[in-house]
Every structure is written in structure tokens, then in C-alpha cells.
Amino acid sequence: MPVPPEPVLRAAVRWLERLPVSGVARVRALFHTHSDFSDITPTQYDAAYAWIRETGLLEDSRSQVPVDCRVFEAAMVHSGVPWFQDADLLIRRPDELPEDALRAAETLGLGQEEAYAQLNRVWSKVDTEKRSRIGSAGELALLELLSESAEGRVEHVAAWSDGHGYDIYVDDSQYCAHLEVKSTVRLGRLTIYISRNEYETMLRDPAWELVTVRLTAELKLASVAALPREWIADQVPADRSPRGRWESCRLDVPPGISVPGIPSIAPMLATTAPELLRGMPLH
């Protein structure tokens, strides 16, 4: 759905301000009959009520977040605007807010700085939840494929501890691999987040390898690649003093850096292993 029009956004605020203390029927009657609320039509009030119900705002009617901020955030998340999923790249400053976001903010009485802060807050929340869901799906899909294709033991160590600095352990009598898995569903952009623990594990563990998993929209495996540790080491920030230490960082990986397949597990693959693990995409 698009960003709701100005009267619907204002009506949504009025609903959320009054519902915590009055029932739906009583608030609707107030809006439909009292002259103080006649600047918005009954149809628009009803559309606003349907919208706050669809977006889940009704379920959080007693939130401590100001009503205008909640309505603005819901308008951004549920509008389906194409720029939202890449907001972290496209909108770096308040003056880069898109026109539809600025119109919604103005309607709700939010200044440019406040709208920018709220957009960052809600994008970060949505992105974290999405990355967690996609990350889990990628790990499990790769784990299943490795269990069917690698000779030796395959263990999902991240299922019981996040302290190892990697997610999947693969070994046979001669070789072993410690795989840190990063997953995405995007075709034209690969952004990964690496923790300090993962990075330091890479530095001291020759079996460590960062594997990028690309999933389809249905969360099915589409491709598997490895990111060279030398490239990672060149990109991470450096601590400038003993009093400052980075704990995680984001890496935007350009095309051509990742190596198709998983080189570290090549000696452990069964002869029947799919081409996906050897560097060829699934068809």
C-alpha cells in the first residue's frame, strides 16, 4: 500500500490518541458527529481505522513512543516504497529524505531531523529482524546441503554457542573447515556484518572461511561463494588507541570479490556433491 494521504494520517493519530481510554464505537461516533472533528470525513476516519488495524498499530496502542512517531514509522514500513529497503545507502542525511517521507512528516508535525531519526530507528529494527530471519535460513540451507554432500562430520555449532566465531564445522580424517555464513536475498548488492570475534577468529584460525549464501525470495539456495580473508582484512577499521575498540562493522562487497563455491571444503566433497558447492549456480 502507498503512504496514506494526509487526512488518513491525521485521522490515525486521533484514533490512537483516544482509543486507550474509549471504545471503538464511542470514538467513531465522536468523529462522525462532533464538529471539532469535521475537517476529516467519516470515510477517511474509517479508512484510518482500517489502516492502523492492518499495520498493527492497534496492538500497541499503549506504547510509550509518541503517537505521531508511531504513525510515521508505520507509514514508512508498510507503504511498500521502493527506497525503504536501501534507506541506509540512499538516505545519509536529513536533507536526503524522499518527498513522500517529507510529506508524511510534515502532516504529522515532525521536523526533518526528527523524521530522519525515526526513519533510521525503524529501518534498523526492520533490517535487524530481516537479517536474523534470512541469516538463519541461509545457515540451515547450507547445513542441509553440506550434510548431504561432505564426507565426514558436519556440525551446526552456532545452534548451541555463538562464541566460536563461526557457524558450521566440517571435518573428515584429513581436513577441516570452520565456516562463518552470511546470507542475503539481494541480487545487486552484498552487505555483510562481521563481529570483532569473527574477525579475530579469522586471524588466528587457518580453517576459518567466510561463506556468502544467496537465497531466492522463497529462501531457497541460489548460490554459494567464499570471501577472501585478505580482502576482509583490508576493509575492517583499525583501533586508533587502547581506549577505542571496534566491535562490529559493515562491509559492502563489490562484484567480483567473492569466489564461487567453498574452496576450503573441496577436498571433503563427495563425488556426487552438487555444482553449487563447487562454484556453479543452481538451475
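Everything below is about the structure shown above.
Residues numbered from 1 in each chain as written. Predicted model: local features only at pLDDT ≥ 70, side-chain atom pairs only at ≥ 80, totals over all residues. Heavy atoms only, no water.

Trainee: Any chance you could break down the sheet that holds strand S3 (residues 176-184) for me, citing the residues and the numbers?
Mentor: Ordered by their spatial adjacency, 6 strands build an open sheet running S1-S2-S3-S5-S6-S8, and the pairing between neighbours is mixed. On the outer flanks of this sheet lie strand S1 (153-156) and strand S8 (259-260), each paired with one strand and no other. Here S1 runs beside strand S2 (residues 168-171); their pairing, made up of 4 bridges, is antiparallel. Looking at S2, one finds that Arg153 is bridged to Asp171. (Pairing = 2+ DSSP bridges. Helix = DSSP H or I, 4+ residues; strand = E, 2+ residues; numbered from the N terminus.)

Trainee: I'd like to hear about helix H6 (residues 99-107), residue by residue, with values.
Mentor: Since there are 3.6 residues in each turn of an α-helix, residues three or four apart along the chain are aligned in direction. Among the residues of H6, those classed as buried are Asp100, Ala101, Ala104 and Ala105. Viewed along the axis of H6, the buried residues span an arc of 135°, placing them on a single side of the element. Counted as exposed and oriented over 90 degrees from the buried face of H6: Glu99 and Glu106. In the core, the buried residues of H6 are packed alongside helix H1 (6-18), helix H4 (67-78) and helix H7 (112-149). A positive phi of about 80° marks Gly109, the residue just after H6. (Buried < 20%, exposed > 50% of the residue type's maximum accessible area, 1.4 Å probe, protein only. Arc of directions from axis to C-beta. Contact = heavy atoms within 4.5 Å.)

Trainee: Account for the pairing of strand S5 (residues 208-215), naming residues and giving values.
Mentor: Counting buried positions along S5 yields 8 of 8 residues, so the element is predominantly enclosed. Examined bridge by bridge, S3 and S5 share 7 bridges and lie parallel to one another. Among the inter-strand pairings, Glu180 is bridged to a residue of S5, identified as Leu210. Sheet topology note: the S5/strand S6 (residues 221-227) ladder contains 6 bridges and is antiparallel. By the bridge assignment for S6, Leu210 is matched with Leu227. Linking S5 to S6, which pair antiparallel, is a turn of 5 residues; within it Leu219 sits at a positive phi near 65°.

Trainee: Any details on the packing of helix H2 (residues 24-33) against helix H3 (residues 42-54)? Residues and values, ideally.
Mentor: Taken N-terminus to C-terminus, the directions of H2 and H3 make an angle of 150°; their axes are 9 Å apart at the nearest point. Accordingly, the angle class assigned to the pair H2 and H3 is roughly antiparallel. Crossing handedness for the pair H2 and H3: right-handed. Note on element contacts: H3 touches H2 through Pro42, Tyr45, Asp46 and Tyr49, opposite Val24, Arg28, Phe31 and His32. Residues that form the contact of H2 with H3 fall into these classes: 5 nonpolar, 1 polar and 2 charged. (Axes fitted to C-alpha atoms, helices over the stretch in contact; angles between N-to-C directions. Parallel < 35°, antiparallel > 145°, perpendicular 65-115°, else oblique. Left-handed = near helix turned anticlockwise from the far one by under 90°. Nonpolar A, V, L, I, M, F, W, Y, C, P; charged D, E, K, R; others polar.)

Trainee: Describe in detail the packing of aromatic side chains, supporting the description with residues and values.
Mentor: Under the definition given, this model contains 6 aromatic pairs. Grouped by ring-pair contacts, the aromatic residues Trp15, Phe31, Phe37, Tyr45 and Tyr49 constitute a single cluster. Lying over the aromatic face of Tyr49, Arg28 brings its terminal NZ or CZ to 5.4 Å of the ring centre. Over the face of the ring belonging to Tyr193 we find Arg131, whose NZ or CZ atom lies 3.9 Å from the ring centre. (Phe/Tyr/Trp six-rings, centres within 6.5 Å; stacked < 30°, edge-to-face > 60°. Lys NZ or Arg CZ within 6 Å of the ring centre and 35° of its normal.)

Trainee: An account of the packing of H1 against H3 is requested, with residue identities and associated values reported.
Mentor: Where H1 meets H3, the closest approach of the two axes is 8 Å, and the angle between their N-to-C directions is 70°. Here H3 runs roughly perpendicular to H1, going by the angle between their axes. For H1 against H3, the interelement crossing comes out right-handed. Taken together, the residues of H3 that come into contact with H1 (itself represented by Pro7, Val8, Leu9, Ala11, Ala12, Arg14, Trp15 and Leu16) are Gln44, Tyr45, Ala47, Ala48, Tyr49, Trp51 and Ile52.

Trainee: Help me get a handle on the nonpolar core, residues and values and all.
Mentor: Counting 42 residues, the largest nonpolar core has Trp15, Trp51, Ile52, Val71, Phe72, Met76 and Trp83 as the members making the most contacts within it. Going through the elements one at a time, H1, H2, H3, H4, H6 and H7 are the ones with two or more residues in this core. Counting residues in hydrophobic clusters, the runner-up holds 25 residues, among them Leu146, Met268, Leu269 and Ala273. (Core = buried A, V, L, I, M, F, W, Y, C linked by side-chain atoms within 4.5 Å.)

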